[in-house]
Amino acid sequence: LNSGNYTSFDYTATNPYYQVISSPSYWDVIVAGLQILNVDGFNADIVLMNPKQFGELSWIKSTTAEYVQSSNFRIENPFTAVVNGVRVYACSKVPDDQIYWADSGKAFQYVRQGGIRFEATREGKTNFIDNTMIIRLLIRGNVAILNSGATLYGDLSDSVTALTKS
């Protein structure tokens, strides 16, 4: 993730959620990031985090030592969770202890590079299939950052510290 392609999570008193939670967890960090983007006029629809910290999400327990699952938070499988309706993914491309939020509709755009290559071949009669046509379409492209303000990138440990009520 290139530094010019995102907005950094604010660890200072200018963050609207600075020091407001008694014992914040990663879940609270995810929600704070979603709300920070929302305050800025964006609706995050994807969160990426390192698989190590993602695994720790599934260990969050209530005060009665029960694993936390609710309509606002659920682990779907070893690499996908849903927090307040937003998908959270374990992504090995995200460095250890880091997290990335994005409003993908406003932040990214797929950009085609070069032309489109179209290939079609016709096969005659085989043992199993008669008159088959194989069509192959090749398109190359990249994802471009349209609006770095629609993304947020932060350090999970520092984010927990920033949210912790003193």
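Structure shown above.
Residues numbered from 1 in each chain as written. Predicted model: local features only at pLDDT ≥ 70, side-chain atom pairs only at ≥ 80, totals over all residues. Heavy atoms only, no water.

Caption draft 1: The sheet that holds strand S6 (residues 98-102), seen in detail. Spatial strand order, S1-S9-S6-S2-S5-S4-S3: seven strands in an open sheet with mixed pairing. Edge strands, defined here as strands with exactly one partner in the open sheet, are strand S1 (7-8) and strand S3 (73-77). In this sheet, strand S5 (residues 86-90) lies alongside strand S4 (residues 80-83) in antiparallel orientation, the contact comprising four bridges. Paired with Val-83 across the two strands is Val-86, which belongs to S5. (Pairing = 2+ DSSP bridges. Helix = DSSP H or I, 4+ residues; strand = E, 2+ residues; numbered from the N terminus.)

Caption draft 2: Representation of the nonpolar core within the structure. Residues Ile-30, Val-47, Met-49, Leu-57, Val-88 and Trp-101 are the most contacted members of the largest nonpolar core, which totals 29 residues. Listing elements by their share of this core, those giving two or more residues are helix H1 (26-39), strand S2 (46-49), helix H2 (51-57), S4, S5, S6 and helix H4 (156-163). In terms of residue count, the dominant contributor to this core is H1 (eight residues). Those residues in contact with Met-49, other than ones at most four positions away along the chain, are Ile-30, Phe-54, Leu-57, Val-88, Tyr-89, Ala-90, Cys-91, Val-94, Gln-98, Ile-99 and Leu-156. (Core = buried A, V, L, I, M, F, W, Y, C linked by side-chain atoms within 4.5 Å. Buried < 20%, exposed > 50% of the residue type's maximum accessible area, 1.4 Å probe, protein only. Contact = heavy atoms within 4.5 Å.)

Caption draft 3: Region of interest: H4. What H4 keeps buried is the set Leu-156, Ser-159, Val-160, Ala-162 and Leu-163. Taken end-on, H4 shows its buried residues confined to a sector of 160°, consistent with a single buried face. Against the buried residues of H4 lie H1, S2, H2, S6 and strand S9 (151-155). Residue Asp-155 occupies the N-cap position of H4, its side-chain oxygen lying 3.1 Å from the main-chain nitrogen of Ser-157. (Arc of directions from axis to C-beta. Polar contact = N/O pair within 3.5 Å; in protein donor to acceptor, adjacent residues only side chain to side chain.)

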